[in-house]
Amino acid sequence: FVPPGVLPLCRQPPAWGRAPRQPPGLPLAPCRAFSNNKIMVELDESSGVATMKFKSPPVNSLSLDFLTEFCISLEKLENNRACRGVIITSAVPKIFSSGLDITEMCGKSTEHYAEFWRAVQEMWLRLYGSNMVTVAAVNGSSPAGGCLIALSCDYRIMVENPKFSIGLNEAQLGIVAPFWFKDTFVNVVGHRVAERSLQLGSLHPAPEAHRFGLVDELVPEEKLQEKTGAVMAQWLALPDHARQLTKSMMRKAVLDRLVAHREEDIQNFISFISKESIQKSLRMYMEMLKKKKG
Amino acid sequence: FVPPGVLPLCRQPPAWGRAPRQPPGLPLAPCRAFSNNKIMVELDESSGVATMKFKSPPVNSLSLDFLTEFCISLEKLENNRACRGVIITSAVPKIFSSGLDITEMCGKSTEHYAEFWRAVQEMWLRLYGSNMVTVAAVNGSSPAGGCLIALSCDYRIMVENPKFSIGLNEAQLGIVAPFWFKDTFVNVVGHRVAERSLQLGSLHPAPEAHRFGLVDELVPEEKLQEKTGAVMAQWLALPDHARQLTKSMMRKAVLDRLVAHREEDIQNFISFISKESIQKSLRMYMEMLKKKKG
Amino acid sequence: FVPPGVLPLCRQPPAWGRAPRQPPGLPLAPCRAFSNNKIMVELDESSGVATMKFKSPPVNSLSLDFLTEFCISLEKLENNRACRGVIITSAVPKIFSSGLDITEMCGKSTEHYAEFWRAVQEMWLRLYGSNMVTVAAVNGSSPAGGCLIALSCDYRIMVENPKFSIGLNEAQLGIVAPFWFKDTFVNVVGHRVAERSLQLGSLHPAPEAHRFGLVDELVPEEKLQEKTGAVMAQWLALPDHARQLTKSMMRKAVLDRLVAHREEDIQNFISFISKESIQKSLRMYMEMLKKKKG
């Protein structure tokens with residue numbers, strides 16, 4: 001149930017074009033594995049389950065290119081009637097996704113900020129509102145926007161390694177998670193846990209994240225694939241139509257809220273991110289990251 | 001605080017008539033036990049506690065007749081100033097209530113669907129909005145509409161038998177719990193648990209239901225009556241007026257939402273249930289139930 | 001982010017006057033410890049942490065004078081750029097605060113009730129909406145309005161003594177917690193726990209309060225100060241601006257609701273408290289308290 005008002009994302013039309021919605025009754029076009037630059041997608045037509053693997057080293061950061069590819073891949077699967085569920089995971093060791101790419105938010109034009117933020121919104125609208133069963137197989141750390149991706153799925157399985165952490169840590173960087181990150185978070189962990197975690201910008205080690213429901217299940221890394229498949233099978237056992245309507249009923253209020261305030265939210269982002277104090281914080285943060293690496 | 005807009009249910013005026021609201025100061029008419037076809041009601045005037053026992057074998061399904069009798073019984077107690085609390089339980093072994101009667105939703109006229117759905121709404125509006133203390137003594141399985149009855153009470157005690165399960169399993173049947181079932185569920189278990197449980201159409205064994213708060217307490221079957229009485233006494237120790245206003249404050253938003261959208265909700269139900277695909281699912285489900293029995 | 005529409009509290013302008021907001025760039029006026037009648041305030045300028053100690057024996061009840069002093073002290077700190085966090089605790093043994101002063105609600109004029117209720121609202125609007133980090137160090141029992149003060153802070157640490165209890169027990173007195181007490185409570189413990197606890201007017205011993213999240217942490221009395229300081233330091237490690245915007249995002253809906261209905265809420269209070277039946281309950285309750293003492 002992609003909400004009304006969500007425009008198709010038109011940047012970078014991919015070489016393979018848009019998968020047209022199949023008219024009912026026509027034979028399905030077989031969907032092979034496809035990979036672009038940053039995300040590898042495989043569809044197992046026998047089970048109806050696709051896997052999206054983030055492969056954008058070093059940390060799967062959500063650049064404009066990554067987000068665009070994500071949205072197009074998701075739309076392609078959404079329109080493919082052979083696909084009923086998606087597993088989202090990472091091909092990069094130790095990291096699921098590091099979240100929004102800070103270089104997209106630093107020293108760029110107002111137009112760029114607007115385009116970038118629209119792509120972030122689009123990603124969330126499509127994922128949180130997906131008709132497919134979505135399972136996050138969180139096989140590495142998952143701060144900020146990476147956490148949002150996990151939160152937007154129907155179910156979250158995380159590798160039980162306490163070195164992997166997850167959370168909306170925006171406040172640590174001097175920035176603020178937007179209201180729809182917050183709404184998604186509150187829907188998963190409740191108001192109190194969200195209030196405290198967001199104010200402290202907490203990154204929760206996997207066991208702690210599991211304790212208060214930020215992730216649904218922990219497994220040893222070697223069991224992740226098997227467990228994810230089993231969970232997906234359990235969700236796919238339900239009739240699609242009833243499951244989709246139920247999901248829509250649960251998520252509609254929060255999706256509608258962004259749809260209603262989308263342009264305003266973009267303007268807020270631009271005016272916030274354009275502040276010299278915020279730009280300075282982000283530059284310092286990037287310097288720190290560079291030193292860590294070097 | 002029966003919300004404004006709730007019309008008295010006028011179908012099948014019972015032989016014993018409607019209990020008139022007692023003008024203050026007049027002596028109370030003694031209220032004897034009364035039983036119609038499907039529900040046995042007993043009022044202990046010394047404690048002010050009534051017991052409603054479902055006795056509609058084989059599975060206490062919520063037919064139009066059952067719902068009508070339920071509403072009339074509840075209204076009778078609500079208007080009886082000698083009655084301050086109601087215990088709801090089953091006289092049929094192993095089942096609390098199996099939920100809405102599928103035969104009422106299959107192969108009937110539009111008018112019938114409308115009348116049936118209005119009775120379902122009425123039952124919930126009266127029970128969730130009751131001024132009395134309501135305690136569910138869940139002594140058997142309680143799927144779908146049976147679960148809704150339990151959720152609408154102030155407190156839920158369930159027999160600790162793991163063979164008894166409870167949940168809003170509509171999605172398993174290819175149908176969707178209406179928004180006010182969902183609202184009631186979210187108010188008890190929170191958004192995340194509700195989202196997952198509704199999408200999977202889960203029936204939770206008693207111990208699991210207790211773990212996430214779907215029921216408040218588990219007891220051995222032989223202790224159910226004693227425990228229920230003790231809980232009721234605890235709630236009745238509070239001054240009625242303050243307790244009622246508090247209950248109304250907590251539940252008003254969700255009650256008002258159905259009252260505001262009642263006709264629309266009936267139309268939604270009719271158009272959904274009239275679909276050939278849904279009718280087919282329900283017929284298949286009924287076939288399956290028949291085979292199980294046979 | 002004191003919400004728009006919150007008028008400055010003009011009763012009893014204190015001898016030391018109102019601390020003017022410092023224009024940016026000017027040197028800060030050093031803020032010494034100040035104490036009026038009922039609350040002792042100390043600011044440690046090196047850490048930026050103030051401590052407000054209730055010292056209004058026997059039970060720190062929230063009289064009109066107490067509330068006025070509370071609001072003025074809080075505003076003074078809020079406007080002092082040297083102050084970033086406040087610890088709220090009691091100087092009276094065994095009691096944090098006993099809640100609203102019943103003598104202010106009994107046998108007084110309509111005008112007095114209005115003034116009193118406005119002061120209660122003001123206290124909550126300022127505390128729940130404070131830009132500072134607020135930590136409650138609950139070193140004694142904390143019923144009703146005392147519990148509200150704790151609930152309005154960012155974090156609650158309670159002495160682990162099971163003789164100390166906390167809760168919104170208004171229903172026990174035959175009165176009803178206003179909707180914004182309820183909203184604050186629901187934001188901390190969720191809808192189900194709040195519904196049950198408010199209807200029963202429960203006072204929860206510290207360990208029970210901790211179990212369902214009414215307080216965040218329990219410590220032995222001798223560790224309270226140390227632990228409170230450590231928690232405050234953790235919260236102050238975040239950049240103020242991001243933390244404040246995040247806090248505002250989480251609390252705005254509930255604050256706005258009272259601001260929008262403030263006069264109506266005062267009128268409701270007046271008409272409720274003026275009822276002879278309510279006055280009688282309160283008088284009986286005060287008699288009982290007197291006998292207990294005597």
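Residues numbered from 1 in each chain as written. Chains lettered and ligands numbered in written order. Predicted model: local features only at pLDDT ≥ 70, side-chain atom pairs only at ≥ 80, totals over all residues. Heavy atoms only, no water.

Colleague: Outline the overall build of chain A, supporting the account with residue identities and numerical values.
Modeller: Scanning chain A from N- to C-terminus turns up 10 helices and 13 strands. Counting the 294 residues in chain A, one finds 58% classified as buried. Looking at chain A as shown, the accessible area adds up to about 12100 Å², and 56% of this sits on carbon and sulfur atoms. (Helix = DSSP H or I, 4+ residues; strand = E, 2+ residues; numbered from the N terminus. Buried < 20%, exposed > 50% of the residue type's maximum accessible area, 1.4 Å probe, protein only. Areas by Shrake-Rupley, 256 points an atom, 1.4 Å probe, with all protein chains shown as cover.)

Colleague: Help me get a handle on helix H9 (residues 262-273) of chain B, residues and values and all.
Modeller: The first and last C-alpha atoms of H9 of chain B sit 16 Å apart over 12 residues, in line with the 16 Å expected at 1.5 Å per residue. Looking at the packing, one finds that the buried side of H9 of chain B touches helix H8 (240-260) of chain A together with helix H2 (110-128), helix H4 (179-189), helix H8 (240-260) and helix H10 (276-293) of chain B. (Expected span 1.5 Å × (residues − 1). Contact = heavy atoms within 4.5 Å.)

Colleague: Give a detailed account of the interface of chain C and chain A, specifying residues and quantitative values.
Modeller: Across the boundary between the two partners, chain C contributes 20 residues, which contact 21 residues of chain A. For chain C, the biggest contributors to the area lost against chain A are Leu238, Met249 and Met250 of chain C; these three give 34% of the whole. The interface formed by chain C and chain A includes three salt bridges. The closest approach of N and O atoms between Asp216 of chain C and Arg192 of chain A, which form a salt bridge, is 2.9 Å. If you look at where chain C meets chain A, you find six residue pairs in polar contact (both at pLDDT 80 or more). Its residues assigned to classes, the side of chain C that touches chain A comprises 10 nonpolar, four polar and six charged. (Buried area = accessible area lost by both parts, 1.4 Å probe. Salt bridge = Lys/Arg side-chain N within 4 Å of Asp/Glu carboxyl O. Polar contact = N/O pair within 3.5 Å; in protein donor to acceptor, adjacent residues only side chain to side chain. Nonpolar A, V, L, I, M, F, W, Y, C, P; charged D, E, K, R; others polar.)

Colleague: Break down the side chain of Asp154 of chain A for me, with residues and values.
Modeller: Note on placement: Asp154 of chain A falls in the loop between helix H3 (144-152) and strand E10 (155-159). Within the local environment of Asp154 of chain A, its side chain forms a polar contact with the side chain of Lys247 of chain A, the two groups lying 3.0 Å apart.

Colleague: So what's going on with the nonpolar core? Which residues, and what values?
Modeller: Of all hydrophobic cores here, the largest spans 93 residues; its most connected members are Met52, Phe70, Ile88, Trp124, Trp180 and Leu214 of chain B. Sorting elements by how many residues they give to this core places H2 of chain B first, with 11 residues. Not counting the four nearest positions on each side in its chain, Trp180 of chain B is found in contact with Trp117, Val120, Gln121, Trp124, Leu148, Leu258 and Asp265 of chain B. If you look at the next biggest cluster of nonpolar residues, it comprises 92 residues, including Ile39, Met52, Phe116 and Leu127 of chain A. (Core = buried A, V, L, I, M, F, W, Y, C linked by side-chain atoms within 4.5 Å.)

Colleague: Go over the relation of the copies chain C and chain B, please, and point to the residues and values.
Modeller: In screw terms, the move from chain C to chain B is a rotation of 120° and a rise of 0.0 Å along the axis, fitting with an RMSD of 0.0 Å. Given the turn and translation reported, the copies of this chain are related as if by a three-fold rotation axis. The C-alpha atom lying nearest the rotation axis in chain C is that of Gly190 of chain C; the distance is 4.2 Å. (Least-squares fit on C-alpha atoms with pLDDT ≥ 70 in both.)

Colleague: So what's going on with the packing of helix H5 (residues 191-200) of chain A against helix H8 (residues 240-260) of chain C? Residues and values would help.
Modeller: Their axes nearest at 9 Å, the elements H5 of chain A and H8 of chain C cross at an angle of 165°. The orientation of H5 of chain A relative to H8 of chain C falls into the category roughly antiparallel. Regarding H5 of chain A and H8 of chain C, the two cross each other, and that crossing is right-handed. Residues His191, Ala194, Glu195, Leu198 and Gln199 of chain A of H5 of chain A pack against Arg243, Thr246, Lys247, Met249, Met250 and Arg251 of chain C of H8 of chain C. Here the residues of the contact of H5 of chain A with H8 of chain C are counted per class, giving four nonpolar, three polar and four charged. (Axes fitted to C-alpha atoms, helices over the stretch in contact; angles between N-to-C directions. Parallel < 35°, antiparallel > 145°, perpendicular 65-115°, else oblique. Left-handed = near helix turned anticlockwise from the far one by under 90°.)

Colleague: An account of the sheet that holds strand E11 (residues 165-167) of chain C is requested, with residue identities and associated values reported.
Modeller: Residue and element names in this part refer to chain C. Strands sit in the order E6-E9-E11-E12 across an open sheet of four strands; the sheet is mixed. Sheet topology places strand E6 (94-95) and strand E12 (204-205) at the edges, where each strand pairs with a single neighbour. The pairing of strand E9 (residues 140-143) with E11 spans two bridges and is parallel. Within E11, the position partnered with Pro143 by the bridge is Gly167. Its contacts with the sheet put helix H3 (residues 144-152) on E9 and E11, and the angle it makes with E9 is roughly 100°. (Pairing = 2+ DSSP bridges.)

Colleague: I'd like a description of the sheet that holds strand E6 (residues 94-95) of chain A, backed by residues and values.
Modeller: Through backbone hydrogen bonds, the strands of a sheet pair up, either in parallel or in antiparallel fashion. All names here are of chain A. Here four strands make up an open sheet; going across it, the order is E6-E9-E11-E12 and the pairing mixed. Strand pairing shows two members of the sheet lacking a second neighbour, E6 and strand E12 (204-205), which therefore form its edges. Direction of pairing for E6 relative to strand E9 (residues 140-143): parallel, over a ladder of two bridges. Looking at the pairing, Lys94 lines up with Gly140 of E9.

Colleague: Now, about the packing of aromatic side chains: what can you tell me, with residues and values included?
Modeller: Residue and element names in this part refer to chain A. Summed over the entire model, instances satisfying the criterion amount to 30 aromatic pairs over all chains. Ring geometry for Trp124 against Tyr128: centres 5.2 Å apart, planes inclined by 15°, an arrangement best described as stacked. On the criterion of helical spacing, the pair formed by Trp124 and Tyr128 is a turn pair, its members being four residues apart in helix H2 (residues 110-128). Of the two residues, Trp124 and Tyr128, both sit in the buried class. An aromatic cluster is defined as three or more aromatic residues linked by ring pairs; in this entry it consists of Tyr113, Trp117, Trp124, Tyr128, Trp180, Phe181 and Phe269. (Phe/Tyr/Trp six-rings, centres within 6.5 Å; stacked < 30°, edge-to-face > 60°.)

Colleague: Please provide a residue-by-residue account of the packing of H3 of chain C against helix H4 (residues 179-189) of chain C, values included.
Modeller: Residue and element names in this part refer to chain C. In the contact formed by H3 and H4, the axes pass within 10 Å of each other and the chain directions differ by 50°. For the element pair H3 / H4, the angle class is oblique. For the element pair H3 and H4, the recorded crossing hand is left-handed. Note on element contacts: H4 touches H3 through Trp180, Phe181, Thr184, Phe185 and Val188, opposite Gly145, Leu148, Leu151 and Ser152.

Colleague: Could you give an account of the interface of chain C and chain B, naming the residues involved and the relevant values?
Modeller: Residue-level contacts link 21 residues of chain C with 20 residues of chain B. Together chain C and chain B conceal approximately 1800 Å² of surface at their shared face, both sides included; 63% is due to carbon and sulfur atoms. Considering only the side of chain C, the residues that lose the most area to chain B are Arg192, Gln199 and Leu200 of chain C, jointly responsible for 40% of the buried surface there. Inspection of the region where chain C meets chain B yields three salt bridges. For the salt bridge of Asp216 of chain B with Arg196 of chain C, the shortest nitrogen-to-oxygen distance reads 3.9 Å. Applying the counting rule to chain C against chain B returns six residue pairs in polar contact (both at pLDDT 80 or more). Counting only elements with at least two residues in the side of chain C that touches chain B, the list comes to H4 and helix H5 (191-200) of chain C. Broken down by element, the side of chain C that touches chain B gets its largest block of residues, eight residues, from H5 of chain C.

Colleague: So what's going on with H2 of chain B? Residues and values would help.
Modeller: Taking 1.5 Å of rise per residue, the 19 residues of H2 of chain B would be expected to cover 27 Å, and the 27 Å separating its terminal C-alpha atoms lies within 8% of that figure. Counting buried positions along H2 of chain B gives 15 out of 19 residues, so the element sits mostly inside the fold.

Colleague: Requested: an account of the state of the cysteines, with residues and values cited.
Modeller: Counted according to the given criterion, the structure contains zero disulfides over all chains. Unpaired in terms of disulfides, Cys147 of chain A finds its nearest cysteine sulfur in Cys153 of chain A, a separation of 11 Å. (Disulfide = S-S within 2.5 Å.)

Colleague: Give me the lowdown on the side chain of Ser130 of chain B, citing residues and values where you can.
Modeller: Examined against the element boundaries, Ser130 of chain B turns out to sit in the loop between H2 and strand E8 (133-138). In this structure the side chain of Ser130 of chain B is engaged in a polar contact, spanning 3.0 Å, whose partner is the backbone nitrogen of Met132 of chain B.

Colleague: Would you mind going over the pairing of strand E3 (residues 49-54) of chain A in detail, with residue names and values included?
Modeller: As a general feature of sheets, a regular strand has side chains that alternate between the two faces. Residues and elements named next belong to chain A. By the bridge criterion, six bridges tie strand E2 (residues 39-44) to E3 in an arrangement that is antiparallel. In the sheet register, Val41 faces E3, and the bridge partner there is Met52. Hairpin connection, E2 to E3: the antiparallel pair is bridged by four residues, and Gly48 has positive phi, about 80°. Bridge analysis of E3 against strand E5 (residues 85-90) gives six bridges, and the strand direction is parallel. Counterpart to Phe54 in the pairing with E5 is Ser90.

Colleague: I'd like a description of the environment of Ser61 of chain A, backed by residues and values.
Modeller: All names here are of chain A. Tracing the sequence through the fold places Ser61 in strand E4 (residues 61-62). Note: C-alpha distance between Ser61 and Ile95 (34 residues apart in sequence) is 9.8 Å. Those residues in contact with Ser61 that sit more than four places away from it in its chain are Ser56, Phe66, Ser98, Gly99 and Asp101.

It is worth stressing that arrangement in space is one thing and function is another; only the former is reported here.
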